[in-house]
Amino acid sequence: MADQYARSREHSEPTEISAIRWDEPPEGPVLVVLDQTRLPAEEVELVCTDAPALVEAIRSLAVRGAPLLGIAGAYGVALAAARGFDVEEAAAALAAARPTAVNLAVGVHRARTAYHAALAETGDHDKAAEAALAAARTLHRQDAEASRRMAGHGLALLEELLPGGGHRILTHCNTGALISGGQGTAFGVVLAAHRAGRLRRLWVDETRPMLQGARLTAYEAARHGMAYTLLTDDAAGSLFAAGEVDAVLVGADRIAADGSVANKVGTYPLAVLARYHHVPFVVVAPLTTVDLGTPDGASIEIEQRPGHEVTEITVPQVPVAGLGGGTPVAPLGTQAYNPAFDVTPPELVTAIVTEEGVVSPVTGEALDELCARSRRVTMG
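Residues numbered from 1 in each chain as written. Predicted model: local features only at pLDDT ≥ 70, side-chain atom pairs only at ≥ 80, totals over all residues. Heavy atoms only, no water.

Describe the pattern of salt bridges, naming the residues involved and giving the relevant values.
Where side chains of opposite charge bring their charged atoms close, a pairing between them can arise. Here the structure, examined in full by the defined rule, presents 16 salt bridges. Note that Glu145 is salt-bridged to Arg148, the shortest N-O span being 2.5 Å. Placement of the pair is Glu145 and Arg148 together in helix H5 (residues 125-161), with a separation of three residues, close to one helical turn. Arg148 gets classed as exposed once you look at its relative accessible area, which sits at 55%. (Salt bridge = Lys/Arg side-chain N within 4 Å of Asp/Glu carboxyl O. Helix = DSSP H or I, 4+ residues; strand = E, 2+ residues; numbered from the N terminus. Buried < 20%, exposed > 50% of the residue type's maximum accessible area, 1.4 Å probe, protein only.)

Just give me the short version of the packing of aromatic side chains, but keep the residues and values in it.
Where two aromatic rings form a pair, the distance of their centres and the angle of their planes describe that pair. Enumeration according to the criterion identifies one aromatic pair in this entry. Ring geometry for Trp22 versus Tyr75: centroids 6.0 Å apart, planes at 25°, classification stacked. Here Trp22 is found in strand S2 (residues 20-23), whereas its partner Tyr75 is found in helix H2 (residues 66-82), with 53 residues between them in sequence. Overall, the relative accessible area of 11% leaves Trp22 in the buried class. The class of Tyr75 is buried, set by a relative accessible area of 4%. (Phe/Tyr/Trp six-rings, centres within 6.5 Å; stacked < 30°, edge-to-face > 60°.)

Give me the lowdown on the nonpolar core, citing residues and values where you can.
In terms of nonpolar packing, the biggest core is built from 44 residues, with Ile20, Leu31, Ile58, Val63, Tyr75 and Leu94 touching the most fellow members. Elements supplying a minimum of two residues to this core: S2, strand S3 (30-34), strand S4 (44-48), helix H1 (51-59), H2, helix H3 (87-95), helix H4 (102-122) and H5. Broken down by element, this core gets its largest block of residues, 12 residues, from H2. Leu31 has contacts with Ile20, Arg21, Trp22, Leu46, Val47, Cys48, Leu54, Ala72, Tyr75, Gly76 and Leu79, leaving out every residue within four places of it along the chain. Grouped together as the second largest cluster of nonpolar side chains are 29 residues, Val245, Val290, Leu348 and Leu367 included. (Core = buried A, V, L, I, M, F, W, Y, C linked by side-chain atoms within 4.5 Å. Contact = heavy atoms within 4.5 Å.)

So what's going on with the side chain of His167? Residues and values would help.
By the element assignment, His167 lies in strand S5 (residues 167-171). Relative accessible area serves as the criterion here: at 0%, His167 is assigned to the buried category. Looking at His167, its side chain comes within polar contact range of the side chain of Glu159, at 3.0 Å. When sequence neighbours within four positions are dropped, the list of residues in contact with His167 reads Leu158, Glu159, Leu162, Ala193, Arg198, Leu199, Arg200, Arg201 and Asp246. (Polar contact = N/O pair within 3.5 Å; in protein donor to acceptor, adjacent residues only side chain to side chain.)

Structure follows, in C-alpha cells:
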C-alpha cells in the first residue's frame, strides 16, 4: 500500500527550491518531494516511504518534469531496496507511472542496474541497496551539472542569435528548478540571461490545462525577481504578430532519434507560430531526454490525462464540487480531449541545447553524433 504523508515546509530560502531529497529519519529512509500541485498557494512536502506512494505522487503531478522524474525514479528504486520491498516490482511500477518522459525509465534503469550488479557481486542486499542509492545520488548530481552547462550553452546561443541583449523570451509550461536537480532546462537559460542583465521580459504561457506556467513558472520567475508577464496560451499569436517575441525556449520530455520533440501540449503550435514569424524556437534538454531507440515523433507514446483536468479547475485551498475534485467549468458529462504532450517535428526546431553542446540544424545524424561523442568522453 502506498504510504505518504504531507507536511508544511519551513525555513525555505526565497530563491532556492529543493524539489526532491533523500532523508533518513530514525524510523527509516524516506523520499521527500515538494508537492507541486499545491503551489503557489503553499509549500507542502510529501514524505514517501515506499514506491507506490511515489508512483501516486508522479501520476498526480506532485512530482513532474522530465529530469526530475528520472531522479525520482532512481530514488524510488533505492527506497524500495532500502526498505526491503520487491525491487523488480517497484522498478516496473515506477517506470510505467508516466509513459512519455523517457528520463523516468532511464533513472529507474540506472538504479536497478546498480542494485543487481552489487547483489551479484556481494550477495548482500544491504550493499545492493547502498549501490542503488549511490546511483540515484550520482544521477541527481549529474543533472545539476547538466543544468549548469545547458545554461551556459543556451546563453551563448542566445547571444549568437540575438546579439545586443534585451531578450524577450516566450516559454511554455515549467522548466526550472522544480523539474531539475539544478536550475532547470529552458528556464535555466532564461535565468542565466536574467543574471547577465540580458533579459528584458519573460513571457509566460499559462499552459492549459494544469496551469503549470501560471502556477509554477511565474512562481519561480517571481522568486528570482525577473520581469515577467503571464498570458493565456492562445494570446501568444498576438505577441508574435506585434513583434514582441525574440525567441521561444521550451523543454522536452522525449526527443526521438530524428529530432522530433515531445513536450507539454501546446508546444507544437508555438513552433508553427515561431517559424511563420521568423523567431528562433529552441529546445533545452539534457541528453537523458534523447531516446535514440524511438525513431521518430510518430513512435512516441503520448500520455492521455483525465478529462476532468479540462472540465474542472482545481485551486489549492478552495472548496471542491466536481467529480475530479475541482470546480466545474463545463456541463456535467462533457467529454474532453486531454493529451499531456504534443510532438514538434525537427524542421521547426532552430536548435536543441544539451549539456554537451548545441545541435543546429536539428537532424538525426547530428543528434547521433552528439550522443556518440558524449559516450566517448564518458568512457574516456
